[in-house]
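Understanding the architecture of this molecule
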Amino acid sequence: MEAMREHNAGIPGGVTRCTLFHGAIAQASGNRLLADLDTSLSRTLDSSGLGAHIAESIDPAILLNEHDRILTAVRARDVAAAAHLMALHSDAALRTLRHTVLTTEMTTLTQQPG
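Residues numbered from 1 in each chain as written. Predicted model: local features only at pLDDT ≥ 70, side-chain atom pairs only at ≥ 80, totals over all residues. Heavy atoms only, no water.

Observations concerning the pattern of salt bridges
In total, this model carries two salt bridges according to the counting rule given. Between D36 and R32 there is a salt bridge, and its shortest N-O distance comes to 3.2 Å. Placement of the pair is D36 and R32 together in helix 3 (residues 32–48), with a separation of four residues, close to one helical turn. Here R95 ties to D91 by a salt bridge, and the two come within 2.7 Å at their closest N and O atoms. Placement of the pair is R95 and D91 together in helix 6 (residues 79–95), with a separation of four residues, close to one helical turn. The class for R95 is exposed, based on a relative accessible area of 59%. (Salt bridge = Lys/Arg side-chain N within 4 Å of Asp/Glu carboxyl O. Helix = DSSP H or I, 4+ residues; strand = E, 2+ residues; numbered from the N terminus. Buried < 20%, exposed > 50% of the residue type's maximum accessible area, 1.4 Å probe, protein only.)

Take a look at the structure:
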């Protein structure tokens, strides 16, 4: 968390630190599936540029606050709070993609206004 405080979350180093935070949480869960999903999702977000887009779209202070709250819940072993805070954190990130064209190998999806 200290490394994230020292850097703007919207720069590549910030993206990496955010990815490392999420990876550490996934690894700490002890759930291999969650850790593998986190790794796969992080690679996809990075390679597509969506990770950088998300990081640029969220205020670094808000991002840090969300991470602090998640980490506090994890350290307190408050599973319900940690899960709830992570869901809110993920939702905030996904909302930044509302008007972003998403392209996959299989299809292209676009969000239409309105």
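Overview of the nonpolar core
Counting residues in hydrophobic clusters, the biggest one holds seven residues: C18, L50, I54, I58, L63, A93 and L97. Excluding anything up to four places from it in sequence, L97 contacts L50, H53 and I54. In terms of nonpolar packing, the next biggest core, distinct from the first, is built from six residues, F21, I70, A73 and L85 among them. (Core = buried A, V, L, I, M, F, W, Y, C linked by side-chain atoms within 4.5 Å. Contact = heavy atoms within 4.5 Å.)

A few points about the side chain of E66
Relative to the assigned elements, E66 resides in helix 5 (residues 60–75). For the buried residue E66, which engages in no salt bridge, the nearest side chain bearing the opposite charge is R69, 6.8 Å off. The contact partners of E66, leaving out residues within four places of it in the chain, are H89 and A92. (Lys, Arg positive; Asp, Glu negative; His and termini not counted.)

Here's the deal with the confidence of the model for the chain
The predicted model of the chain has a mean per-residue pLDDT of 77, with 72% of residues at 70 or higher. Considering only residues more than four positions removed or in separate chains, one finds that residues 4–12, a stretch of pLDDT under 50, has 17 contacts. (pLDDT = per-residue confidence, 0-100.)

What to know about unusual backbone geometry
A positive phi angle is found at R77, which is not glycine, with a value near 60°. Its location among the elements puts R77 in the loop between helix 5 and helix 6. A relative accessible area of 76% places R77 in the exposed class.

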